[in-house]
Amino acid sequence: AAFLTATFCAVTTDAAEIRIDPSRKAALGIVLEGKIEPGDFDKLRTFIFDGEGALEIYLASPGGDLAEAMKIGRLVRELKLGTVAPDKLSGELREKLVARHNLRDSKANYMCASACFFVLVAGIHRQSDFLHEPILGIHKPYLSKAELRALSSDKAIAVADQTRAIVESYLREMGVPAKYADQMFSVPKDEVRWISSNEFETDFAGFIPELRDWVDARCDGRSDAEKRAWEVLKNKTRAQQSPEERAMSDALMKKYEEQVKCEIELQSELGLRAYHDAKGRY
């Protein structure tokens with residue numbers, strides 16, 4: 001197990017930097033940018049507990065050390081942080097988002113792939129930056145050629161089996177559908193399988209399943225009839241709606257805005273409480 005912990009790895013570039021997110025400073029936002037390396041868990045923990053805490057972490061990383069990413073992920077879950085992935089945008093809008101988060105190397109880091117995926121799924125609330133389509137990718141965890149050459153064939157098989165068992169256990173812990181472990185191990189180490197917008201919306205976006213009903217009970221003031229009406233109206237443009245439907249749509253949109261405000265406040269309360277509860281342990 002110690003050997004595995006030391007040698008899980010993925011695509012790498014520069015070392016990770018951890019800093020205040022200038023776009024979310026008032027909301028205690030953090031940016032993690034670059035390669036995830038051993039020691040980054042301690043760096044993040046120190047950054048959070050030597051400061052005022054954190055509520056959200058923006059992830060711009062092509063990967064790195066998987067064991068370290070899982071340690072970071074468990075800290076993210078313990079502190080009930082929200083996680084944010086870069087959006088699949090281009091041109092001027094992408095450049096605005098890069099500047100908004102003050103990314104140092106957007107060419108290498110404007111994504112959340114490989115080991116970064118394990119941090120993203122740990123958030124109690126997951127989203128893409130512009131609520132569009134995230135650049136979120138997975139592939140098979142692997143050892144370097146030098147590390148593999150040092151193993152016997154039996155040891156290589158044991159390491160592969162143990163790697164999969166650890167990954168599957170972590171993803172279950174984070175409430176990730178089992179199909180993503182299967183998909184991950186089917187993608188060669190030098191390729192990336194990108195999560196689609198529909199997959200993200202269905203399996204990751206918003207509050208984790210364990211909290212969704214609890215949050216809805218506190219924040220969603222719509223009746224069942226209003227929910228059914230919204231499912232119909234949201235697929236119509238204003239021009240396609242009748243005057244009565246437009247009035248209903250406006251009323252439901254106001255309720256939606258109140259719901260979003262409530263959810264943001266609730267997420268902040270959960271994060272601040274978790275921070276204060278954990279501070280004494282760290």
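Just above, that's the structure.
It should be emphasised that the depicted structure is a prediction, and the values quoted were computed from it without experimental measurement.

Read across the sheet, 6 strands follow the order β1-β2-β3-β4-β6-β9 without closing on themselves; strand pairing throughout is mixed. A single partner strand is all that each edge strand has here, and the edge strands are β1 (17–20) and β9 (206–207). Looking at chain direction, strand β2 (residues 29–33) and strand β3 (residues 56–60) are connected through 5 bridges and run parallel. Within β3, the residue paired with glutamate 33 across the bridge is alanine 60.

This brings us to the side chain of aspartate 21. Inspection of the secondary structure puts aspartate 21 in the loop between β1 and β2. Separated by 2.8 Å, the side chains of aspartate 21 and serine 23 make a polar contact.

A separate point is the nonpolar core. Counting 46 residues, the largest nonpolar core has Ile48, Phe117, Phe118 and Leu171 as its most contacted members. When neighbours within four sequence positions are excluded, phenylalanine 117 is seen to be in contact with Cys112, Leu136, Gly137, Ile138, Leu171, Val176, Met184 and Phe204. Counting 12 residues, the second largest nonpolar core, distinct from the first, contains Tyr58, Val98, Tyr110 and Ile135.

This next bit is on helix α2 (residues 40–49). Because the α-helix completes a turn every 3.6 residues, residues three or four places apart line up on one side. Regarding α2, the residues found buried are Asp40, Phe41, Leu44, Ile48 and Phe49. For α2, the angular spread of buried residues about the axis comes to 155°, placing them on one side. Structurally, α2 contributes buried residues whose contacts are with β1, β2, β3, α3 (66–78) and α13 (243–279).

Looking now at a positive patch on the surface. Judged by side-chain charge, Lys140, Lys145, Arg149 and Lys189 come together as a positively charged surface patch. Tracing the sequence through the fold places lysine 140 in the loop between β7 (136–138) and α7 (145–149). You can call lysine 140 partly exposed: its relative accessible area is 38%.

You can see lysine 35 is positioned in the loop between β2 and α2. Among the polar contacts made by the side chain of lysine 35, one reaches the side chain of glutamate 37 at a distance of 2.9 Å.

This part covers the pattern of salt bridges. Counted according to the given criterion, the structure contains 27 salt bridges. For the salt bridge of arginine 212 with aspartate 216, the shortest nitrogen-to-oxygen distance reads 2.6 Å. Of this pair, arginine 212 and aspartate 216 are both found in helix α11 (residues 209–219), 4 residues apart, which corresponds to roughly one turn of the helix. Take aspartate 216: its relative accessible area is 23%, and that puts it in the partly exposed class. The structure contains a network of salt bridges with shared partners spanning Asp21, Arg24, Glu56, Arg100 and Asp129.

So, how was this worked out
- Residues numbered from 1 in each chain as written.
- Predicted model: local features only at pLDDT ≥ 70, side-chain atom pairs only at ≥ 80, totals over all residues.
- Heavy atoms only, no water.
- Pairing = 2+ DSSP bridges.
- Helix = DSSP H or I, 4+ residues; strand = E, 2+ residues; numbered from the N terminus.
- Polar contact = N/O pair within 3.5 Å; in protein donor to acceptor, adjacent residues only side chain to side chain.
- Core = buried A, V, L, I, M, F, W, Y, C linked by side-chain atoms within 4.5 Å.
- Buried < 20%, exposed > 50% of the residue type's maximum accessible area, 1.4 Å probe, protein only.
- Contact = heavy atoms within 4.5 Å.
- Arc of directions from axis to C-beta.
- Patch = residues over 30% accessible without salt bridge, like charges linked within 9 Å, V, L, I, M, F, W, Y side chains within 5 Å.
- Areas by Shrake-Rupley, 256 points an atom, 1.4 Å probe, with all protein chains shown as cover.
- Salt bridge = Lys/Arg side-chain N within 4 Å of Asp/Glu carboxyl O.
- Lys, Arg positive; Asp, Glu negative; His and termini not counted.
- Charge placed at Lys NZ, Arg CZ, Asp CG, Glu CD.

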